[in-house]
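An overview of the molecular structure
What follows is each chain in one-letter form.
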Amino acid sequence: AKSRKVGQKHHLTLWYSITLVARSVMASASCLGLVVLVAMASAASAQLSSTFYDTSCPNALATIKAGVTAALNTETRMGASLVRLHFHDCFVDGCDGSVLLADTGSFIGEQGAAPNNNSIRGMNVIDNIKTQVEAVCKQTVSCADILAVAARDSVVALGGPTWTVLLGRRDSTTASKTNAENDLPPPTFDLQNLTTLFGNKQLSMTDMVALSGTPR
Ligand code: HEM
């Protein structure tokens, strides 16, 4: 997996098809740490839309793209790291930004789970972009959306394909180490185990191979 590149044909073009429903909370001011503004505690599945921020934060996408460009200018590898961070966010309870939450007194989060511990990267990049997005629109754009767009912008910036990111995810207020260890693929899994794990997310073997990529 280390040799994965983000530019090959098909890589991640299926990503937007993964279910993107998350718990419904207002966008908070920061991506790291616990979200405190809970607007609606009940689970909700709103319709995602590519135009979700067109009125509420017209500069959101340009701000995210600029942040990704700056991060990649510092370190090209960060593009790959952001793609993986998005994947690891989405596989655990949906693309809800939960991977960004550090442990708190009330939960042990995903960052210390074996498939994440000392290998996921880019949380600070997302937090820096969130700060820049907050400067243009307060508490409007979710961290989960920022991560989803940043992953796409990374792939494009490094010469890969583009895809439309549907927006309107809400950030989780909690995270689960146990769920991360159950849902993320360990490097020891064989084909059958991997196929089952991806199947649990309604992803076929073709999807799994396309997402995982092959050397150029
Ligand atoms: C099929 C099961 C998969 C397994 C078992 C797996 C496992 C791994 C492992 C062990 C690493 C190295 C982590 C480290 O630096 O120590 C890695 C890196 C990576 N994986 Fe996966 N992976 C899988 C699928 C995927 C998928 C579906 C994607 C894309 C959506 C992906 C994207 C990446 C990327 C981009 C890196 C490099 C990250 C970086 O350099 O920061 N992987 N993976």
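Conventions we followed
Residues numbered from 1 in each chain as written. Predicted model: local features only at pLDDT ≥ 70, side-chain atom pairs only at ≥ 80, totals over all residues. Heavy atoms only, no water. Axes fitted to C-alpha atoms, helices over the stretch in contact; angles between N-to-C directions. Helix = DSSP H or I, 4+ residues; strand = E, 2+ residues; numbered from the N terminus. Parallel < 35°, antiparallel > 145°, perpendicular 65-115°, else oblique. Left-handed = near helix turned anticlockwise from the far one by under 90°. Contact = heavy atoms within 4.5 Å. Nonpolar A, V, L, I, M, F, W, Y, C, P; charged D, E, K, R; others polar. UniProt positions renumbered as here; feature names shortened; annotations may be inferred. Buried < 20%, exposed > 50% of the residue type's maximum accessible area, 1.4 Å probe, protein only. Lys, Arg positive; Asp, Glu negative; His and termini not counted. Salt bridge = Lys/Arg side-chain N within 4 Å of Asp/Glu carboxyl O. Polar contact = N/O pair within 3.5 Å; in protein donor to acceptor, adjacent residues only side chain to side chain. Disulfide = S-S within 2.5 Å.

Comments concerning the packing of helix 3 (residues 123–136) against helix 4 (residues 143–157)
To characterise two packed helices, one gives the angle between the axes of the helices and the distance between these axes. For the pair helix 3 and helix 4, interaxial distance at closest approach is 10 Å and the crossing angle is 115°. In terms of their interaxial angle, helix 3 and helix 4 are classed as roughly perpendicular. In terms of crossing hand, the pair formed by helix 3 and helix 4 is right-handed. Packed against helix 3, whose contacting residues are Ile-126, Ile-129, Lys-130 and Val-133, the element helix 4 presents Cys-143, Ile-146, Leu-147 and Ala-150 at the interface. The class makeup of the residues in the contact of helix 3 with helix 4 is seven nonpolar, no polar and one charged.

Things to note about the UniProt feature "binding site: substrate" (unreviewed entry) in the protein chain
When the UniProt feature table is mapped onto this chain, "binding site: substrate" (unreviewed entry) is found at Pro-185. Considering the arrangement of structural elements, one finds Pro-185 in the loop between helix 5 (177–183) and helix 6 (191–199). Excluding residues that lie within four positions of it along the chain, Pro-185 makes contacts with Phe-87, Phe-91, Pro-115, Leu-194, Leu-197 and Phe-198.

Structural notes on the side chain of Asp-127
Here Asp-127 is to be found in helix 3. One buried charged residue, Asp-127, forms no salt bridge at all, with the nearest opposite charge on Lys-130 at 8.0 Å. Polar contacts involving the side chain of Asp-127 include one to the main-chain amide nitrogen of Cys-31, which spans 2.9 Å. A polar contact is formed between the side chain of Asp-127 and the backbone nitrogen of Leu-32, at a distance of 3.4 Å.

Considerations on the state of the cysteines
Under the criterion given, the structure shown has three disulfides. Each sulfur in the disulfide pair Cys-57 and Cys-137 lies 1.9 Å from the other. Taking the torsion about the S-S bond as the criterion, the Cys-57 to Cys-137 disulfide, at about 80°, is right-handed. Note that Cys-57 is positioned in the segment before helix 1 (60–74) and Cys-137 in the loop between helix 3 and helix 4, a separation of 80 residues in sequence.

Structural notes on the environment of Leu-191
Within the secondary structure layout, Leu-191 lies in helix 6. On the basis of relative accessible area, Leu-191 is assigned to the exposed category, the value being 52%. In sequence terms Leu-191 and Met-205 are 14 residues apart; their C-alpha atoms lie 9.3 Å from each other.

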